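# Structural overview
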Amino acid sequence: MTNSIQPLNTIITEMAPDKLLGFQKAVRDIPGILKLTLGEPGFSVDERIKKAAVEAINNDRSHYAESQGEQALRLEAVNYFNKLYHLNFHGEENVIVTLGVSEAINVVLNTLLGTDEGLLMPEPTYGPYFTSLDIAHGTKIAIDTTPNRFKLTPEMVDKAVASATVPVRAILMNYPANPTGVTYSRQEVIALAETFKKHNIWVISDEIYSLLTYDQAHVSFAEIIPERTIYINGLSKSHAMTGYRVGFILGAADVISEMQKVHGALTFAIPTFIQDAALIALRDVSDTPIIMRDAYKSRRNRIVPQLQTLGFDVVSPEGAFYVFAKLPTDIGDDGDEFALRLAHEGKVAVIPGSSFSEVAKAYIRISYAASDADLDEGMRRLTAHINQLRGK
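Residues numbered from 1 in each chain as written. Predicted model: local features only at pLDDT ≥ 70, side-chain atom pairs only at ≥ 80, totals over all residues. Heavy atoms only, no water.

## Brief notes about the pattern of salt bridges
Rules: Salt bridge, as applied in this entry: a Lys or Arg side-chain nitrogen positioned within 4 Å of an Asp or Glu carboxyl oxygen. Numbering of helices and strands runs from the N terminus, with a helix taken as a DSSP run of H or I at least four residues long and a strand as a DSSP run of E at least two residues long.
One pass over the full model with this rule turns up 32 salt bridges. Here Lys 19 and Asp 336 are joined by a salt bridge, their closest N and O atoms 3.8 Å apart. Here the residue Lys 19 occupies a position in helix α2 (residues 19–27), and Asp 336 occupies one in helix α13 (residues 335–346), the gap between them amounting to 317 residues. Here Asp 376 ties to Arg 302 by a salt bridge, and the two come within 3.0 Å at their closest N and O atoms. With a gap of 74 residues between them, Asp 376 in helix α14 (residues 372–389) and Arg 302 in helix α12 (residues 287–310) connect regions that are remote in the sequence.

This is the structure we're talking about:
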């Protein structure tokens with residue numbers, strides 16, 4: 001008799017590793033490396049939020065929370081997002097508090113999609129979405145937005161639905177977008193919403209960067225087509241609370257009750273003391289997002305002209321804190337090779353565009369969430385590396 005071990009789930013073993021995390025691991029130990037890679041706000045958490053967390057711990061807020069989220073936090077979240085974005089959610093039954101937006105995406109995809117059912121994904125987009133879709137057994141229907149400077153149009157949606165070989169159930173929107181920084185005007189949101197209605201699909205709207213919109217008011221699909229929108233947001237980007245892991249799913253009560261089944265199994269609940277801190281963030285800390293947004297806008301205005309002068313093709317970000325730049329034509333079209341060489345020789349790390357889509361192989365993503373000093377030094381090193389490649 002031979003000893004054998006049952007194989008692992010082939011859905012997982014055949015899944016491609018996350019390229020974004022893989023690249024960061026590949027360059028993390030390079031001596032003297034300066035990282036412009038992470039979506040990590042270069043700001044500290046507001047003292048009022050930290051105080052609330054400490055007080056909650058001291059008051060023994062250490063027991064199981066209500067699985068769907070503490071009632072006070074859910075009510076505050078509904079009030080907060082309703083007020084900010086002209087939404088009309090009714091109460092605690094319309095929201096789940098999740099372990100960050102990452103869990104929220106997994107909850108939503110596993111609730112909306114059956115095996116081999118289609119999800120429209122405008123690309124380039126946030127790489128871990130691909131893994132979440134695989135785990136949900138869904139099928140990606142990619143929409144290449146690079147010909148239109150990363151903007152999705154109704155015509156692109158029509159074409160993707162018409163050519164789909166599986167049932168199309170939903171579209172995953174992320175705006176302001178990671179990695180491109182593009183967003184949509186009210187008129188653009190309305191036009192897309194009409195198209196989504198025409199095709200009778202769910203809209204999964206990840207608006208985690210909404211408060212970091214620079215030059216126009218953010219408009220949510222949850223305002224325009226609330227009946228078919230699953231609204232996702234969180235506190236990582238708006239309040240620099242990345243390590244606290246607070247996310248929100250908002251939607252119709254009957255849909256939320258089904259999603260709660262998945263959330264309850266995946267996480268059960270996020271810690272009570274973190275929920276207490278999140279309540280203070282929503283209720284009392286309105287100035288932090290504005291301070292950060294203005295700082296990011298200033299950094300954008302500084303580095304975009306520098307990149308353009310170097311020959312990069314840049315779509316100026318309208319929000320978030322990333323520049324998605326196409327390599328200068330004389331440097332080549334392989335962002336993977338360029339980013340690796342830049343890390344080893346130029347001592348600055350950026351993310352290759354292929355981490356967000358194979359159609360973006362000629363691009364790199366630069367995060368300007370780093371401090372002003374690190375950003376300036378990073379741009380100095382990038383400029384020196386480009387000049388060296390050009391023999392200057």
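From this point, the discussion proceeds with the structure in view.
## Section: the UniProt feature "domain: Aminotransferase class I/classII large" (unreviewed entry) in the chain
We apply this condition: UniProt positions are given in the numbering used here, feature names are shortened, and annotations may be inferred rather than shown by experiment.
What UniProt calls "domain: Aminotransferase class I/classII large" (unreviewed entry) maps, in this numbering, to residues 33–382. Across residues 33–382 one finds 43% helix and 17% strand; the C-alpha atoms that close the span lie 12 Å apart.

## Quick word on the packing of α12 against α14
To keep things clear, this is the line we draw: Between the N-to-C directions of two axes lies an angle of 0 to 180 degrees, each axis being a line fitted to C-alpha atoms and, for a helix, fitted only over the stretch in contact. Roughly parallel means an angle under 35 degrees; roughly antiparallel means over 145; roughly perpendicular covers 65 to 115; every other angle is labelled oblique. Residues are treated as being in contact if the distance between any of their heavy atoms lies within 4.5 Å. Gly is put with the polar residues, along with every residue not named as nonpolar or charged; the nonpolar set is Ala, Val, Leu, Ile, Met, Phe, Trp, Tyr, Cys and Pro, and the charged set is Asp, Glu, Lys and Arg.
Relative to each other, α12 and α14 sit at 0°, their axes nearing to 11 Å. The pairing of α12 with α14 is recorded here as roughly parallel in orientation. Across from Arg 299, Arg 302, Ile 303, Gln 306, Leu 307 and Leu 310 in α12, the residues of α14 making contact are Asp 372, Leu 375, Asp 376, Met 379, Leu 382, Thr 383 and Ile 386. For the contact of α12 with α14, the per-class residue count stands at seven nonpolar, two polar and four charged.

## Thoughts on unusual backbone geometry
Backbone geometry follows two general trends: most residues other than glycine have a negative phi, and most peptide bonds adopt the trans configuration. Definition in use: Think of it in three bands: residues with accessible area under 20% of the maximum for their type are buried, residues over 50% are exposed, and the middle band is partly exposed, with areas taken using a 1.4 Å probe on protein chains only.
In this structure, Pro 176 follows Tyr 175 across a cis peptide bond, with omega equal to -15°. Residue position: Pro 176 is located in the loop between β5 (168–174) and α8 (186–198). Residue Pro 179 follows Asn 178 across a cis peptide bond; omega there is 25°. The residue Pro 179 is located in the loop between β5 and α8 in this model. Unusually for a residue other than glycine, His 137 sits at a positive phi of about 65°. Tracing the chain through its elements places His 137 in the loop between α6 (128–135) and β4 (139–144). Accessibility expressed as a relative area gives 33% for His 137, which makes it partly exposed. The phi dihedral of Phe 150 falls on the positive side, at around 75°, and the residue is not glycine. Looking at the element boundaries, Phe 150 is found in the loop between β4 and α7 (154–163).

## Section: the sheet that holds strand β2 (residues 95–99)
The condition is simple: Strand pairing is assigned whenever DSSP detects at least two bridges linking the two strands.
Spatially, β2-β8-β7-β6-β5-β3-β4 is the arrangement adopted by the seven strands of the open sheet, whose pairing is mixed. The outermost strands of the open sheet, each flanked by one partner alone, are β2 and β4. Sheet twist, expressed as the mean angle between neighbouring strand axes with direction ignored, is 25°. Pairing analysis gives four bridges linking strand β6 (residues 202–206) to strand β7 (residues 229–234), with the strands arranged parallel. Across the sheet, the residue bridging to Ile 204 is Ile 230, located in β7. Packed onto the sheet, α7 meets β3 (118–123), β4 and β5 and runs at close to 145° relative to β4.

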